[in-house]
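Remarks on the overall topology
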Amino acid sequence: MGVFAMVGRQLKLLRERAGLSQPEFGALVGYGPDHISAMERGVRTPRPDFLVKADPILNADGMLIAVIPEVEDAMRRARTRHPEWYRGQAEMEKEAEELHFYANQAVPGLLQTADYARAVFAKRRPFLSEETIEKRVADRLSRQQVLERWPAPIVSYVLEEVMLDRAIGGKRAHADQLGHLLTVGDRQNIEIQVMPTKVEEHPSLGSSFNLLVPKGHEQVAYLEAQGHPQLIIHRDDVRKIADRYGIMRAMALTPKESRALIVEKLEKL
(Lines give C-alpha, C1' and ligand atoms only; values in the text may rest on other atoms or scores of the structure.)
Protein backbone atom coordinates (compact mmCIF):
# COMPACT_ATOMS: atom_id res chain seq x y z
CA MET A 1 0.00 0.00 0.00
CA GLY A 2 2.96 2.32 0.57
CA VAL A 3 3.84 2.18 -3.12
CA PHE A 4 0.31 3.11 -4.16
CA ALA A 5 0.23 6.04 -1.70
CA MET A 6 3.60 7.26 -2.97
CA VAL A 7 2.53 7.10 -6.61
CA GLY A 8 -0.74 8.82 -5.68
CA ARG A 9 1.13 11.74 -4.15
CA GLN A 10 3.31 12.00 -7.26
CA LEU A 11 0.23 12.04 -9.47
CA LYS A 12 -1.37 14.82 -7.46
CA LEU A 13 1.78 16.96 -7.46
CA LEU A 14 2.31 16.49 -11.20
CA ARG A 15 -1.35 17.18 -11.99
CA GLU A 16 -1.40 20.36 -9.93
CA ARG A 17 1.91 21.47 -11.48
CA ALA A 18 0.33 20.98 -14.91
CA GLY A 19 -2.59 23.20 -13.86
CA LEU A 20 -5.19 20.46 -14.37
CA SER A 21 -8.22 19.75 -12.21
CA GLN A 22 -9.14 16.14 -11.47
CA PRO A 23 -12.00 16.18 -14.03
CA GLU A 24 -9.75 17.76 -16.67
CA PHE A 25 -6.99 15.22 -16.10
CA GLY A 26 -9.50 12.38 -15.99
CA ALA A 27 -10.91 13.41 -19.36
CA LEU A 28 -7.44 13.31 -20.90
CA VAL A 29 -6.65 9.80 -19.62
CA GLY A 30 -10.14 8.34 -19.95
CA TYR A 31 -10.94 8.04 -16.22
CA GLY A 32 -13.62 9.67 -14.09
CA PRO A 33 -12.69 12.24 -11.42
CA ASP A 34 -13.60 9.74 -8.67
CA HIS A 35 -10.99 7.30 -10.04
CA ILE A 36 -8.38 10.04 -10.20
CA SER A 37 -9.15 11.12 -6.64
CA ALA A 38 -8.96 7.53 -5.39
CA MET A 39 -5.58 6.97 -7.06
CA GLU A 40 -4.19 10.23 -5.69
CA ARG A 41 -5.26 9.19 -2.19
CA GLY A 42 -3.60 5.80 -2.61
CA VAL A 43 -6.84 3.85 -2.23
CA ARG A 44 -7.04 2.72 -5.86
CA THR A 45 -4.32 0.94 -7.79
CA PRO A 46 -2.75 3.04 -10.60
CA ARG A 47 -2.55 0.45 -13.38
CA PRO A 48 0.62 0.35 -15.54
CA ASP A 49 -1.23 1.29 -18.75
CA PHE A 50 -2.65 4.34 -16.94
CA LEU A 51 0.84 5.41 -15.84
CA VAL A 52 2.17 5.06 -19.40
CA LYS A 53 -0.64 7.27 -20.70
CA ALA A 54 -0.41 9.81 -17.85
CA ASP A 55 3.37 10.32 -18.02
CA PRO A 56 3.50 12.54 -21.17
CA ILE A 57 0.24 14.31 -20.30
CA LEU A 58 1.71 15.42 -16.97
CA ASN A 59 5.19 16.11 -18.44
CA ALA A 60 6.61 13.62 -15.94
CA ASP A 61 9.69 12.87 -18.10
CA GLY A 62 9.46 9.13 -17.46
CA MET A 63 8.98 9.44 -13.68
CA LEU A 64 5.65 7.58 -13.72
CA ILE A 65 6.86 4.96 -16.17
CA ALA A 66 9.90 4.33 -13.97
CA VAL A 67 7.75 3.21 -11.01
CA ILE A 68 5.77 0.64 -13.02
CA PRO A 69 7.94 -2.33 -11.88
CA GLU A 70 7.34 -1.36 -8.23
CA VAL A 71 3.61 -0.98 -8.87
CA GLU A 72 3.41 -4.38 -10.58
CA ASP A 73 5.34 -5.99 -7.73
CA ALA A 74 3.06 -4.40 -5.13
CA MET A 75 0.03 -5.64 -7.06
CA ARG A 76 1.41 -9.18 -7.04
CA ARG A 77 2.20 -9.07 -3.33
CA ALA A 78 -1.02 -7.39 -2.28
CA ARG A 79 -3.03 -9.65 -0.03
CA THR A 80 -6.73 -10.23 -0.61
CA ARG A 81 -8.50 -7.12 0.61
CA HIS A 82 -11.97 -8.58 1.16
CA PRO A 83 -13.43 -10.09 4.33
CA GLU A 84 -13.00 -13.86 4.67
CA TRP A 85 -16.68 -14.55 4.03
CA TYR A 86 -16.61 -12.55 0.77
CA ARG A 87 -13.42 -13.84 -0.79
CA GLY A 88 -15.02 -16.65 -2.82
CA GLN A 89 -17.50 -14.22 -4.33
CA ALA A 90 -14.79 -11.63 -4.95
CA GLU A 91 -12.63 -14.10 -6.86
CA MET A 92 -15.54 -15.24 -9.02
CA GLU A 93 -16.53 -11.64 -9.69
CA LYS A 94 -13.04 -10.67 -10.88
CA GLU A 95 -13.07 -13.23 -13.70
CA ALA A 96 -16.81 -13.47 -14.39
CA GLU A 97 -17.95 -13.55 -17.99
CA GLU A 98 -21.37 -12.16 -17.06
CA LEU A 99 -22.58 -10.10 -14.09
CA HIS A 100 -26.24 -9.27 -13.47
CA PHE A 101 -27.63 -7.37 -10.50
CA TYR A 102 -31.00 -6.49 -9.00
CA ALA A 103 -30.80 -3.86 -6.25
CA ASN A 104 -33.58 -2.38 -4.16
CA GLN A 105 -31.91 -0.43 -1.34
CA ALA A 106 -28.70 1.27 -2.47
CA VAL A 107 -26.63 1.57 -5.63
CA PRO A 108 -24.61 -1.68 -6.02
CA GLY A 109 -20.93 -1.59 -5.07
CA LEU A 110 -19.54 -1.85 -8.60
CA LEU A 111 -21.42 1.34 -9.51
CA GLN A 112 -20.69 3.39 -6.39
CA THR A 113 -18.56 6.52 -6.27
CA ALA A 114 -16.06 6.91 -3.44
CA ASP A 115 -18.18 9.47 -1.56
CA TYR A 116 -21.33 7.35 -1.90
CA ALA A 117 -19.52 4.24 -0.62
CA ARG A 118 -18.01 6.23 2.25
CA ALA A 119 -21.48 7.43 3.31
CA VAL A 120 -22.82 3.87 3.18
CA PHE A 121 -20.06 2.54 5.43
CA ALA A 122 -20.26 5.53 7.78
CA LYS A 123 -23.89 4.65 8.56
CA ARG A 124 -23.09 1.05 9.51
CA ARG A 125 -23.96 -0.08 13.03
CA PRO A 126 -22.01 -0.84 15.11
CA PHE A 127 -19.84 2.10 14.07
CA LEU A 128 -16.71 1.52 12.01
CA SER A 129 -13.45 3.35 12.65
CA GLU A 130 -12.29 5.94 10.12
CA GLU A 131 -9.45 3.62 9.16
CA THR A 132 -11.85 0.73 8.55
CA ILE A 133 -14.19 2.92 6.53
CA GLU A 134 -11.36 4.09 4.26
CA LYS A 135 -10.14 0.52 3.81
CA ARG A 136 -13.61 -0.68 2.86
CA VAL A 137 -14.03 2.19 0.42
CA ALA A 138 -10.70 1.23 -1.15
CA ASP A 139 -11.78 -2.41 -1.30
CA ARG A 140 -15.03 -1.45 -3.01
CA LEU A 141 -13.29 0.75 -5.57
CA SER A 142 -10.75 -1.98 -6.27
CA ARG A 143 -13.58 -4.35 -7.20
CA GLN A 144 -14.69 -1.93 -9.91
CA GLN A 145 -11.66 -2.83 -12.01
CA VAL A 146 -13.65 -5.82 -13.25
CA LEU A 147 -15.69 -3.36 -15.36
CA GLU A 148 -12.50 -2.05 -17.00
CA ARG A 149 -10.80 -5.32 -17.91
CA TRP A 150 -10.58 -6.90 -21.35
CA PRO A 151 -12.27 -9.01 -22.54
CA ALA A 152 -15.10 -7.05 -20.99
CA PRO A 153 -17.79 -8.96 -19.08
CA ILE A 154 -21.45 -8.63 -20.02
CA VAL A 155 -23.04 -6.57 -17.24
CA SER A 156 -26.64 -5.58 -16.54
CA TYR A 157 -28.51 -3.92 -13.69
CA VAL A 158 -32.11 -3.51 -12.64
CA LEU A 159 -32.26 -0.70 -10.07
CA GLU A 160 -35.35 0.31 -8.12
CA GLU A 161 -36.25 3.93 -8.83
CA VAL A 162 -36.31 4.77 -5.11
CA MET A 163 -32.51 4.57 -4.89
CA LEU A 164 -32.26 7.32 -7.50
CA ASP A 165 -34.15 9.61 -5.11
CA ARG A 166 -32.40 8.81 -1.83
CA ALA A 167 -29.54 11.31 -1.46
CA ILE A 168 -27.06 9.06 0.32
CA GLY A 169 -24.06 11.18 1.32
CA GLY A 170 -25.88 14.46 0.70
CA LYS A 171 -26.94 16.38 -2.39
CA ARG A 172 -23.44 16.75 -3.87
CA ALA A 173 -22.55 13.06 -3.45
CA HIS A 174 -25.96 12.09 -4.79
CA ALA A 175 -25.54 14.24 -7.89
CA ASP A 176 -22.08 12.79 -8.51
CA GLN A 177 -23.50 9.28 -8.10
CA LEU A 178 -26.25 9.89 -10.65
CA GLY A 179 -23.69 11.34 -13.05
CA HIS A 180 -21.51 8.27 -12.54
CA LEU A 181 -24.44 6.00 -13.43
CA LEU A 182 -24.80 7.89 -16.70
CA THR A 183 -21.07 7.54 -17.44
CA VAL A 184 -20.93 3.83 -16.67
CA GLY A 185 -24.18 3.20 -18.51
CA ASP A 186 -22.61 4.55 -21.71
CA ARG A 187 -20.20 1.62 -21.88
CA GLN A 188 -20.96 -0.88 -24.61
CA ASN A 189 -20.99 -3.90 -22.31
CA ILE A 190 -23.12 -2.40 -19.51
CA GLU A 191 -26.89 -1.91 -19.45
CA ILE A 192 -28.66 -0.11 -16.61
CA GLN A 193 -32.44 -0.36 -16.30
CA VAL A 194 -34.69 1.31 -13.75
CA MET A 195 -37.72 -0.40 -12.22
CA PRO A 196 -40.25 2.44 -11.86
CA THR A 197 -41.89 2.84 -8.46
CA LYS A 198 -45.24 3.02 -10.25
CA VAL A 199 -44.90 -0.68 -11.12
CA GLU A 200 -47.10 -2.14 -8.41
CA GLU A 201 -45.42 -5.54 -8.09
CA HIS A 202 -42.77 -7.74 -9.70
CA PRO A 203 -41.28 -11.23 -9.12
CA SER A 204 -38.52 -10.22 -6.67
CA LEU A 205 -40.13 -8.25 -3.87
CA GLY A 206 -38.20 -10.37 -1.37
CA SER A 207 -34.60 -9.22 -1.76
CA SER A 208 -31.80 -8.08 -4.03
CA PHE A 209 -29.49 -10.60 -5.70
CA ASN A 210 -26.58 -11.06 -8.11
CA LEU A 211 -26.21 -13.54 -10.96
CA LEU A 212 -22.72 -14.46 -12.17
CA VAL A 213 -21.33 -16.65 -14.92
CA PRO A 214 -17.84 -17.53 -13.58
CA LYS A 215 -15.15 -18.19 -16.15
CA GLY A 216 -15.47 -21.80 -17.27
CA HIS A 217 -18.47 -22.56 -15.03
CA GLU A 218 -22.25 -22.45 -15.03
CA GLN A 219 -24.23 -19.50 -13.75
CA VAL A 220 -24.53 -19.05 -9.96
CA ALA A 221 -26.53 -16.70 -7.76
CA TYR A 222 -25.41 -14.68 -4.75
CA LEU A 223 -27.60 -13.25 -2.01
CA GLU A 224 -26.70 -11.21 1.04
CA ALA A 225 -28.88 -10.10 3.94
CA GLN A 226 -27.56 -8.13 6.92
CA GLY A 227 -24.00 -9.21 6.17
CA HIS A 228 -24.86 -12.90 5.83
CA PRO A 229 -23.94 -14.20 2.36
CA GLN A 230 -25.43 -17.12 0.49
CA LEU A 231 -23.95 -18.58 -2.68
CA ILE A 232 -26.47 -20.62 -4.68
CA ILE A 233 -25.05 -23.17 -7.13
CA HIS A 234 -27.86 -25.75 -7.52
CA ARG A 235 -28.93 -25.51 -11.15
CA ASP A 236 -32.70 -25.49 -10.53
CA ASP A 237 -32.45 -22.82 -7.81
CA VAL A 238 -30.24 -20.62 -9.98
CA ARG A 239 -32.63 -21.02 -12.92
CA LYS A 240 -35.56 -19.79 -10.82
CA ILE A 241 -33.68 -16.62 -9.86
CA ALA A 242 -32.53 -16.10 -13.45
CA ASP A 243 -36.14 -16.47 -14.63
CA ARG A 244 -37.24 -13.78 -12.18
CA TYR A 245 -34.50 -11.49 -13.39
CA GLY A 246 -35.54 -11.95 -17.01
CA ILE A 247 -39.13 -11.02 -16.18
CA MET A 248 -37.98 -7.98 -14.23
CA ARG A 249 -35.84 -6.74 -17.12
CA ALA A 250 -38.89 -6.98 -19.35
CA MET A 251 -40.96 -4.98 -16.82
CA ALA A 252 -38.32 -2.29 -16.20
CA LEU A 253 -37.65 0.77 -18.34
CA THR A 254 -35.35 0.20 -21.31
CA PRO A 255 -31.73 1.36 -20.95
CA LYS A 256 -32.54 4.42 -23.08
CA GLU A 257 -35.63 5.27 -21.04
CA SER A 258 -33.70 4.65 -17.82
CA ARG A 259 -30.95 7.04 -18.89
CA ALA A 260 -33.53 9.73 -19.66
CA LEU A 261 -35.05 9.28 -16.19
CA ILE A 262 -31.66 9.57 -14.48
CA VAL A 263 -30.88 12.72 -16.48
CA GLU A 264 -34.24 14.18 -15.47
CA LYS A 265 -33.62 13.48 -11.78
CA LEU A 266 -30.09 14.92 -11.99
CA GLU A 267 -31.34 18.11 -13.62
CA LYS A 268 -33.88 18.61 -10.81
CA LEU A 269 -31.23 18.54 -8.06
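One structure accompanies this document, and this report is about it. All values derive from a computational prediction rather than experimental measurement.

Before going further, it helps to spend a moment on empty space enclosed by the protein. Counted according to the given criterion, the structure contains two cavities of 30 Å³ or more. The space that makes up the largest cavity amounts to roughly 40 Å³. When the residues that make up the lining of the largest cavity are grouped by side-chain class, the tally is three nonpolar, three polar and two charged.

Applying the stated rule across the entire model yields five aromatic pairs. Judged by centre distance (5.1 Å) and plane angle (70 degrees), the rings of Y31 and F50 are edge-to-face. Of this pair, Y31 sits in the loop between α2 (22–29) and α3 (33–40) while F50 sits in helix α4 (residues 48–57), placing them 19 residues apart in sequence. Judged by centre distance (5.7 Å) and plane angle (45 degrees), the rings of Y102 and F209 are tilted. Residue Y102 is located in strand β1 (residues 98–103), and its partner F209 is located in strand β4 (residues 209–213); the two are separated by 107 residues in the primary sequence. Both residues of the pair, Y102 and F209, belong to the buried class.

Another aspect to go through is the sheet that holds strand β6 (residues 228–232). Judged by pairing direction, the sheet is mixed, and its six strands sit side by side in the order β3-β2-β1-β4-β5-β6 without closing on themselves. Where the open sheet ends on each side, the last strands, each with one partner, are β3 (190–195) and β6. The sheet shows a mean angle of 15 degrees between the axes of neighbouring strands, taken without regard to direction. Most of the contacts of helix α11 (residues 235–251) go to β4, to which it runs at about 110 degrees, and overall it touches β1, β2 (154–160), β3, β4, β5 (220–225) and β6.

Another point: α2. An α-helical turn contains 3.6 residues, so a residue and the one three or four places further along point in the same direction. What α2 keeps buried is the set F25, G26 and V29. Here the buried residues of α2 occupy an arc of 100 degrees about the axis, which is enough to place them on one side. Where α2 terminates, the next one or two residues include G30, which has phi positive at roughly 80 degrees.

A separate point is the side chain of S142. Along the polypeptide, S142 turns up in helix α9 (residues 130–143). A distance of 2.6 Å separates a polar atom in the side chain of S142 from the backbone oxygen of D139.

Once that is clear, we can look at the pattern of salt bridges. Between side chains of opposite charge, pairing is possible as soon as their charged atoms come close. Counted by the stated rule, this structure contains 14 salt bridges. For the salt bridge of E93 with R143, the shortest nitrogen-to-oxygen distance reads 2.8 Å. With E93 in helix α7 (residues 87–95) and R143 in helix α9, the pair connects residues that are 50 residues apart, well separated along the chain. The two residues E93 and R143 agree in class, both being buried.

Definitions and cut-offs
Residues numbered from 1 in each chain as written. Predicted model: local features only at pLDDT ≥ 70, side-chain atom pairs only at ≥ 80, totals over all residues. Heavy atoms only, no water. 1 Å grid on protein atoms, 1.4 Å probe; cavity = no way out; pocket = protein on both sides within 12 Å on 5 of 7 lines; lining within 4 Å. Points joined across faces, edges and corners; volume = space filled by probe spheres on them. Nonpolar A, V, L, I, M, F, W, Y, C, P; charged D, E, K, R; others polar. Phe/Tyr/Trp six-rings, centres within 6.5 Å; stacked < 30°, edge-to-face > 60°. Helix = DSSP H or I, 4+ residues; strand = E, 2+ residues; numbered from the N terminus. Buried < 20%, exposed > 50% of the residue type's maximum accessible area, 1.4 Å probe, protein only. Pairing = 2+ DSSP bridges. Axes fitted to C-alpha atoms, helices over the stretch in contact; angles between N-to-C directions. Contact = heavy atoms within 4.5 Å. Arc of directions from axis to C-beta. Polar contact = N/O pair within 3.5 Å; in protein donor to acceptor, adjacent residues only side chain to side chain. Salt bridge = Lys/Arg side-chain N within 4 Å of Asp/Glu carboxyl O.

Bear in mind that shape data such as this cannot, by itself, settle questions of function.
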